[in-house]
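Survey of secondary and tertiary structure
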Amino acid sequence: MRRRTTGAAVLTLAALALAGCGADSSASTSARPELKVTGAYMPTPSMDTMAAGFFTVTNSGGADTLTSVTSDLSDDVTLHSTRDGTMEEETSFAVPADGTLDFASGSNHLMFEKLTHRPKQGEKVSVELHFAKSGTLKISMPVQSATYNPKTGH
Ligand code: CU
């Protein structure tokens, strides 16, 4: 039930964004997204059943959508948001035109389940981000300490 509500809310936002573009809508929807992924990391998981991943997508072009994520580490990678302290699975995340999509501890995150192995600190996990327009971006997600804070860098 909650998942449905979330999907509808996302669709409504997208519709509003398109409507808000008015005369510019054809130009802005055809503008190519220019995506850059930075700050990717995975805290060392405390179990081999589940791990989280974080990163930031910076877009200097037209809007795009993150539709799915795949990885050697898991055949089951899902997109999650956190609202009022509760995780919810999302079917996609919007990458706004000239904006950012942020994944951060306590907020949006990737969830890796049924891990092929338990990653150790210093390891790099290869992750493919699939976007509706930009196609696949392959990133290398370094495994940091379990309590890593990207703001302090350790
Ligand atoms: Cu989650």
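Residues numbered from 1 in each chain as written. Predicted model: local features only at pLDDT ≥ 70, side-chain atom pairs only at ≥ 80, totals over all residues. Heavy atoms only, no water.

This next bit is on the overall build of the protein. In terms of regular secondary structure, the protein is built from two helices and 10 strands. For the protein, long-range pairs separated by at least 24 residues make up 68% of all intrachain contacts whose partners lie at least 6 apart in sequence. Working note: accessible area of the protein is about 8,800 Å², and carbon and sulfur atoms make up 55% of it. (Helix = DSSP H or I, 4+ residues; strand = E, 2+ residues; numbered from the N terminus. Contact = heavy atoms within 4.5 Å. Areas by Shrake-Rupley, 256 points an atom, 1.4 Å probe, with all protein chains shown as cover.)

Note on metal sites: the ideal angle is 109.5 degrees for four tetrahedral donors, and 90 or 180 degrees for six octahedral donors. Here the copper ion is held by the protein donor atoms H80 (ND1), M87 (SD) and H109 (NE2), which lie 2.1 Å from it. Counting along the primary sequence, the residues that act as donors to the copper ion give the motif H-x6-M-x21-H. Taken together, the positions of M87 in strand 5 (residues 86-90) and H109 in strand 8 (residues 109-113) put the pair 22 residues apart, joining distant regions of the chain. Judged by its relative accessible area of 42%, M87 is partly exposed. Note on H109: relative accessible area 8%, which makes it buried. (Donors = N, O, S within 2.8 Å, 3.2 Å for Na, K, Ca; no water. Buried < 20%, exposed > 50% of the residue type's maximum accessible area, 1.4 Å probe, protein only.)

Right, let's get into unusual backbone geometry. Phi at D84 is positive, roughly 50°, even though this residue is not glycine. Within the secondary structure, D84 is located in the loop between strand 4 (76-83) and strand 5. By relative accessible area, D84 is classed as exposed at 79%.

Take T78: it is sitting in strand 4. Residue T78 is classed as buried on the basis of its relative accessible area of 12%. Looking at T78, its side chain comes within polar contact range of the side chain of H80, at 3.0 Å. Residues contacting T78, with those up to four places away along its chain left out, are E89, H109, L110, M111 and E113. (Polar contact = N/O pair within 3.5 Å; in protein donor to acceptor, adjacent residues only side chain to side chain.)

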